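Commentary on secondary and tertiary structure
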Amino acid sequence: MTTVKPLVTVVVPSYNQGCYLEQALASVFDQQLPVEVFVMDGGSKDRSLAIIHEWEHRLSGWRSHPDQGQAAAINEGIGWGEAPFVCWLNSDDWLLPAGLTYLYQALQQSLEAPAAYGRSWNFIEKTGNRRAVWVEPFNERRLALRCIISQPATLIRRSAWEVMGGLNENLHMAMDYDLWWRLFKRFGRLHFVDRFVAVNRDHMATKTKNQRRLHYQEAIRTVRQHYGRVPLKWWLAQPYAIWFKALHR
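Everything in this summary refers to the structure shown in the same document. Fair warning: this is a prediction, and the values are worked out from it, not measured in the lab. (Residues numbered from 1 in each chain as written. Predicted model: local features only at pLDDT ≥ 70, side-chain atom pairs only at ≥ 80, totals over all residues. Heavy atoms only, no water.)

Moving on: the overall build of the chain. Check the secondary structure of the chain and you find ten helices and nine strands. Scaling as 2.2 N^0.38, a compact globule of 249 residues should have a C-alpha radius of gyration of about 18 Å, and the chain matches this with 17 Å. Along the three orthogonal principal directions, the C-alpha set of the chain runs to about 60 × 40 × 35 Å. Taking all 249 residues of the chain together, 55% fall into the buried category. The long-range share in the chain, meaning contacts at least 24 apart out of those at least 6 apart in sequence, stands at 73%. A total accessible area of about 12100 Å² is found for the chain, and carbon and sulfur atoms account for 52% of it. Here the chain carries 30 positive and 23 negative side-chain charges, and the mean point of each set is 10 Å from the other. (Helix = DSSP H or I, 4+ residues; strand = E, 2+ residues; numbered from the N terminus. Rg over C-alpha atoms; globule rule 2.2 N^0.38 Å. Buried < 20%, exposed > 50% of the residue type's maximum accessible area, 1.4 Å probe, protein only. Contact = heavy atoms within 4.5 Å. Areas by Shrake-Rupley, 256 points an atom, 1.4 Å probe, with all protein chains shown as cover. Lys, Arg positive; Asp, Glu negative; His and termini not counted. Charge placed at Lys NZ, Arg CZ, Asp CG, Glu CD.)

Counting 39 residues, the largest nonpolar core has W88, I156, W161, L179, L183 and L190 as its most contacted members. If you list the elements that add at least two residues to this core, you get strand 2 (35-41), helix 3 (70-80), strand 4 (85-88), strand 6 (115-124), helix 5 (140-145), helix 6 (158-164), helix 7 (175-187) and helix 9 (212-227). Here this core takes seven residues from helix 7, the largest share from any one element. Residue contacts for L183: discarding those within four places in its chain leaves P114, A115, I156, A160, M164, G188 and L190. (Core = buried A, V, L, I, M, F, W, Y, C linked by side-chain atoms within 4.5 Å.)

Side-chain positions along a regular strand alternate between the two faces of the sheet. The buried fraction of strand 6 amounts to eight of the ten residues, a majority that puts the element mostly inside the structure. Sheet analysis places strand 6 next to strand 8 (residues 154-157), joined by three bridges and oriented antiparallel. In the strand pairing of strand 8, A116 is matched with L155. In terms of strand pairing, strand 6 meets strand 9 (residues 191-202) through eight bridges, oriented parallel. Paired with R119 across the two strands is F196, which belongs to strand 9. Across four bridges, the pairing between strand 6 and strand 7 (residues 129-132) is antiparallel. Note that in strand 7 the partner of I124 across the bridge is N129. (Pairing = 2+ DSSP bridges.)

In this section: the side chain of T222. Relative to the assigned elements, T222 resides in helix 9. Relative accessible area serves as the criterion here: at 2%, T222 is assigned to the buried category. For T222, the residues in contact, after removing those within four places along its chain, are L171, A174, Y177, D178 and W181.

As a further point, take the packing of helix 7 against helix 9. For the pair helix 7 and helix 9, the least separation of the axes is 10 Å and the interaxial angle reads 10 degrees. Comparing their axes, helix 9 and helix 7 come out roughly parallel. Facing helix 7, whose interface residues are Y177, D178, W181, R182 and K185, helix 9 presents A219, T222, V223, Q225, H226 and Y227. When the residues that make up the contact of helix 7 with helix 9 are grouped by side-chain class, the tally is five nonpolar, three polar and three charged. (Axes fitted to C-alpha atoms, helices over the stretch in contact; angles between N-to-C directions. Parallel < 35°, antiparallel > 145°, perpendicular 65-115°, else oblique. Nonpolar A, V, L, I, M, F, W, Y, C, P; charged D, E, K, R; others polar.)

Purely geometric stuff here, so don't read any function into it on its own.
Structure representation (structure tokens):
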């Protein structure tokens, strides 16, 4: 019997998201590429373990215990794998059909790019509506103004990931933003794919909604570190966004 080697290592970090986990896993296994999937659960107390056991026969590995945070869990999971391309999918997000294929094909054509990213939808759970996430072709100045890359819509070369040492485990909100900067500084522009490849779920329990001040603080430090200065936009947007989102909630 011939075993097809995986092309993509997919890590699914999760904590008490049993209501979403199955959709995330199904979307990964529906991709038309050979994948190895690792679920890194932080010790959930909901029905997550039941979902994991249902999918265990297709998973390449999983664990469930308290850990050092999302970035550490992702680094651990990707370290378990061996596929030449890597990504992570938060358990409340999902991939669109052929999403990984589009990103993989882009990296096969752009051999100098350390990573590829596409467009994604923001699914508003409260209303069921979708709107496009703000994603743009790669540009350093624009990246300094906002994170123009949507994390669930990305695919990274393992070789580049390993040179970078994975995610910065000291960050809890902007670890993806920091990684895009480091990849660009070391290898050059990330490759933009003008297709919708993933969906980001917007719900009331997300870290972005509940820790918005920390999110801005980490993002501002990331821009200062990699761009050398912080554009005025960040100082103007931070208090407004925190106030507006708090009022909206």
